[in-house]
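# Examining the three-dimensional arrangement
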Amino acid sequence: PPILLWLRRDLRLSDHPLLHAAARAGRPVIPVALNDEAVAAMGAAPRMRWGMALAAFAPALAELGSRLICRSGPADRALAALARETGASEVWLTALPDPLARAQEQAVQAAGLTVRAFPGFLLAPPEAIATGQGRPFRVFTPFWRALAAHDPGDPLPAPGRLPAPDHWPSSERLEDWRLEQAMQRGGPLVAAHQNPGEARARARLEAFLDHSLDGYAAARDDLAADGGSKLSENLAYGEISPRMVWHAARAAQERGSPGAETFLRELAWREFSQHALWHNPTLPDSPLDPAWAGFPWDRAEDSPALLAWRQARTGMPLVDAGLRELWVTGRMHNRMRMLTASVLCKTLLIDWRIGLRWFADQLTDWDAAANALNWQWVAGTGPDAAPFFRVFSPDAQAARHDATGAYRRRWLAEGQRHPPATALAFFDAVPSSWGLSPGDPYPPPVIDPSEGRRRALAAFERFRKR
Ligand code: FAD
């Protein structure tokens, strides 16, 4: 009988343990993508980006003599139906750490199918990176040391072909899923900023290694230079394996690249967040440190301050620049993610989960684990987090990381006689119902940042002494 390969965030051919094993199983394989409850739960931008990843992946599969079968419905029912039609009884998949994916796997098993899970999304299985007592690390540095000492094994080659069934089951058309639908006005703009597919991910990695890794440690914090690899979107959909990126950086480290260690540490942050989500399925919903459960965050969904933050019109230029980069490109510089998040949950005292959900809707590299762990880091609600009293100052961040103002000019049209296309694009990206125009005066600050800081510290003191 054929094997059903359920593909989710593993849309590549190389270093793919599941595909590698399937190609050698001596049985026909049927690759499947589902428009299921996990897709319905995705935000607008990641859903669109997942569709782009699938569109790039399907032709790659075809080159192996295979096909991507697209079906809709809850995963357990869709896969059970496909199993009945094809005589399959096994579903093979790449294990994912997020709770919804895990619940789906259990449901598929409960529907009577045998589920076989493969590694590939992580550098190490969560249980392999543990303290001497076998417990998960709660802080990053010892985790990093343990991960650096772990051998992830060598990347696997892409299979030459995948055995096809005698009869292919029917497939829906990917275009009919309209995965880009929820993106509305900003969709085409954001789509143009994406680099979907394995070939582009590999090219991006090569270019980063050749031109940017050596200077990464400094350039990653320079807002205008934006010296990151930009591989997060590719890693989020498995268009490249973390192991391949890790190996490439290790090799560069051995050749003496000065940026390699810093970059490896960032990959370790990705891994740390994934393991954290594996061990704490409520990471996106509840503070890791339960002491924070009663903190009086502002939870109003319609406050003017929250609206201004979402609309990238807080009146704090660097903050708005970051939030506009997000509107236009679907991504945001890491330092700006930290600053805009800090402004939301500290300066404005708005619940970090509201910000987390906004990012989950807007980021094309959205990742349940990275998003949640980082929001908790900024909010100060995890064991290894920025302490609550550390409040990012927009002015200090601008002086340090955008000294020439180049990043702000790139994204803020107001006040510029000849704004660049990047800054004007924001006005095309936002809903026209907002009635914004580049000629509008720049809004006054929703709050004086130092006043916001004082208020946050006072709230924190009251909370500590309660
Ligand atoms: P590089 O600097 O090239 O780093 C290499 C890779 O390491 C990245 O591609 C990413 O996979 C990983 N990485 C780097 N920094 C982190 C980090 N702090 N945490 C976890 N992994 C990291 N990253 C996401 O991939 N998805 C998210 O949804 C996401 N949400 C975030 C929310 C907030 C509030 C903050 C502060 C950070 C968030 N990040 C998220 C982490 C980080 O901002 C992005 O991974 C990074 O900006 C991606 O750019 P890059 O690929 O050029 O990174």
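The residue numbers shown here count from 1 along each chain, following its written sequence. For a predicted model such as this one, the threshold for reporting local features is a pLDDT of at least 70, and the threshold for listing and counting side-chain atom pairs is 80 or more; totals across whole chains, interfaces and linings nevertheless cover every residue.

Rules: UniProt positions are given in the numbering used here, feature names are shortened, and annotations may be inferred rather than shown by experiment.
Per an unreviewed UniProt entry, the protein goes by the name Deoxyribodipyrimidine photolyase and belongs to Rubellimicrobium thermophilum DSM 16684. We quote the UniProt Sequence similarities (unreviewed entry) comment for the protein here in full: "Belongs to the DNA photolyase family."

## Here's the deal with the overall build of the protein
To keep things clear, this is the line we draw: Strands here are runs of E lasting at least two residues and helices are runs of H or I lasting at least four, both read from the DSSP assignment and numbered beginning at the N terminus. We compute the radius of gyration over the C-alpha atoms and compare it with the globule rule, which gives 2.2 Å times the number of residues raised to the power 0.38. Our contact criterion uses C-beta atoms placed from the backbone: two residues qualify when those atoms are within 7 Å.
Of the regular secondary structure elements, the protein holds 21 helices and 5 strands. Against the globule reference of 23 Å for 466 residues, the protein gives a C-alpha radius of gyration of 23 Å, in line with a compact fold. Sequence separation of at least 24 residues holds for 78% of the intrachain contacts in the protein that already meet a minimum separation of 6.

## Quick notes on the sheet that holds strand β2 (residues 29-35)
We count it as follows: The pairing criterion for strands is at least two bridges between them, as found by DSSP. Between N-to-C directions, angles span 0 to 180 degrees; the directions come from axes that are lines fitted to C-alpha atoms, helices contributing only their stretch in contact.
Taking strand neighbours across the sheet as the criterion, the 5 strands line up as β3-β2-β1-β4-β5 in an open arrangement whose pairing is parallel. In this open sheet, the two strands that pair with only one neighbour each are β3 (69-72) and β5 (114-118). Each strand axis lies, on average, 30 degrees off the axis of its neighbour in the sheet, ignoring direction.

## Describing the nonpolar core
Our working rule: Buried Ala, Val, Leu, Ile, Met, Phe, Trp, Tyr and Cys residues form a nonpolar core when they are connected through C-beta atoms within 7 Å. Partly exposed residues are those whose C-beta has more than 12 but fewer than 20 other C-beta atoms within 10 Å; 20 or more makes a residue buried and 12 or fewer makes it exposed, with C-beta atoms placed from the backbone.
Ranked by size, the top nonpolar core spans 131 residues in total, and within it Leu4, Leu5, Val32, Leu79, Val91 and Phe426 carry the most contacts. Not counting residues up to four positions away in its chain, the partners in contact with Val91 are Leu4, Trp6, Leu79, Val108, Leu113 and Val115.

## Some details on the UniProt feature "binding site: FAD" (unreviewed entry) in the protein
Per the UniProt record, "binding site: FAD" (unreviewed entry) is annotated on Tyr216, Phe263, Asp365, Trp366 and Asp367. For the annotated residues, spread through 152 residues, the largest C-alpha to C-alpha distance comes to 22.7 Å, inconsistent with a single compact locus. Relative to the assigned elements, Asp365 resides in the loop between α16 (352-362) and α17 (368-379). Filtering out sequence-adjacent residues up to four positions away, Asp365 remains in contact with Ser232, Glu233, Ala236 and Arg331. Relative to the helices and strands, Trp366 is located in the loop between α16 and α17. Residue Trp366 is classed as buried on the basis of its C-beta count, with 23 C-beta atoms lying within 10 Å. Not counting residues within four places of it along the chain, the set of residues in contact with Trp366 comprises Gly43, Ala45, Pro46, Ala236, Phe359, Ala360 and Asn371.

## Section: the site of the ligand
Inclusion rule: As a rule, any residue with its backbone-derived C-beta atom within 6 Å of a molecule or strand is reported as near that molecule or strand. Throughout this entry, Asp, Glu, Lys and Arg are counted as charged residues, while Ala, Val, Leu, Ile, Met, Phe, Trp, Tyr, Cys and Pro are counted as nonpolar. The remaining residues, Gly among them, count as polar. Throughout the structure description, domain borders are defined by an automatic or database domain assignment.
Among the 27 residues in the neighbourhood of the ligand, the closest are listed as Gly228, Ser229, Ser232, Asn371 and Asn374. Elements with a contribution of two residues or more to the shell around the ligand: α10 (232-236), α12 (260-279), α15 (334-347) and α17. Across the shell around the ligand, the residue classes break down as 13 nonpolar, 7 polar and 7 charged. Both of domain 2 (187-279) and domain 3 (290-465) provide at least three residues apiece to the shell around the ligand.

## Remarks on the domain arrangement of the protein
Entries for the protein in the domain assignment read domain 1 (1-121), domain 2 (187-279) and domain 3 (290-465). Taken over C-alpha atoms, the centre of domain 1 sits 25 Å from the centre of domain 2. Listed per partner, the contact involves 19 residues of domain 1 and 19 residues of domain 2. Within the side of domain 1 that touches domain 2, the residues separate by chemical class into 11 nonpolar, 2 polar and 6 charged.

## Brief notes about the packing of helix α6 (residues 140-149) against α12
Here is the rule: An angle counts as roughly parallel when it lies under 35 degrees, as roughly antiparallel when it exceeds 145, as roughly perpendicular when it falls between 65 and 115, and as oblique in every other case.
Where α6 contacts α12, the two axes come as close as 10 Å, and the packing angle between them is 105 degrees. Between α6 and α12, the angle is such that the two are roughly perpendicular. The segment α6 lies against α12, with Phe140, Phe143, Trp144 and Leu147 engaging Arg265, Ala268, Trp269, Glu271 and Phe272. Residue classes in the contact of α6 with α12 are distributed as 7 nonpolar, no polar and 2 charged.

## With respect to the pairing of β5
Short version of the rule: Looking down the strands as they point away from the viewer, one classifies a crossover as right-handed if the path from the first strand across the helix to the second runs clockwise.
Alignment of strand β4 (residues 90-94) against β5, held across 5 bridges, turns out to be parallel. The partner of Val91 across the bridge, within β5, is Val115. For the segment spanning β4, helix α5 (residues 99-110) and β5, crossover handedness is right-handed.

## Points about the UniProt feature "site: Electron transfer via tryptophanyl radical" (unreviewed entry) in the protein
The UniProt feature table records "site: Electron transfer via tryptophanyl radical" (unreviewed entry) at Trp297, Trp352 and Trp375. These annotated residues cover 79 residues of sequence, and their C-alpha atoms all fall within 13.9 Å of one another, placing them together at a single site. Assignment of secondary structure puts Trp297 in the loop between α12 and α13 (304-310). In this structure Trp297 comes out as partly exposed when scored by C-beta crowding, with 19 C-beta atoms within 10 Å. When neighbours within four sequence positions are excluded, Trp297 is seen to be in contact with Cys345, Leu349, Ile350 and Asp351. On the secondary structure map, Trp352 appears in helix α16. The residues contacting Trp352, other than those within four sequence positions of it, are Cys345, Trp375, Ala379 and Thr381.

## Examining α5
Helical geometry: 3.6 residues make up each α-helical turn, so side chains three or four residues apart lie on a common side. The condition is simple: By this rule, a helix spans an expected 1.5 Å times one less than how many residues it contains.
Along its 12 residues, α5 runs 16 Å from first to last C-alpha, staying within 8% of the 16 Å computed at 1.5 Å per residue. The elements touched by buried residues of α5 are α2 (37-41), α4 (75-86), β4 and β5. Immediately downstream of α5, the backbone of Gly112 shows phi near 100 degrees, a positive value.

## With respect to helix α11 (residues 242-254)
End to end, α11 covers 18 Å across 13 residues, agreeing with the expected 18 Å (1.5 Å per residue, within 8%). Considered for burial, the residues of α11 that qualify are Pro242, Arg243, Val245, Trp246, Ala248, Ala249 and Ala252. The secondary structure elements touched by the buried residues of α11 are α8 (198-212), α10 and α12. Positive phi appears at Gly256, one or two residues downstream of α11, with a value of about 95 degrees.

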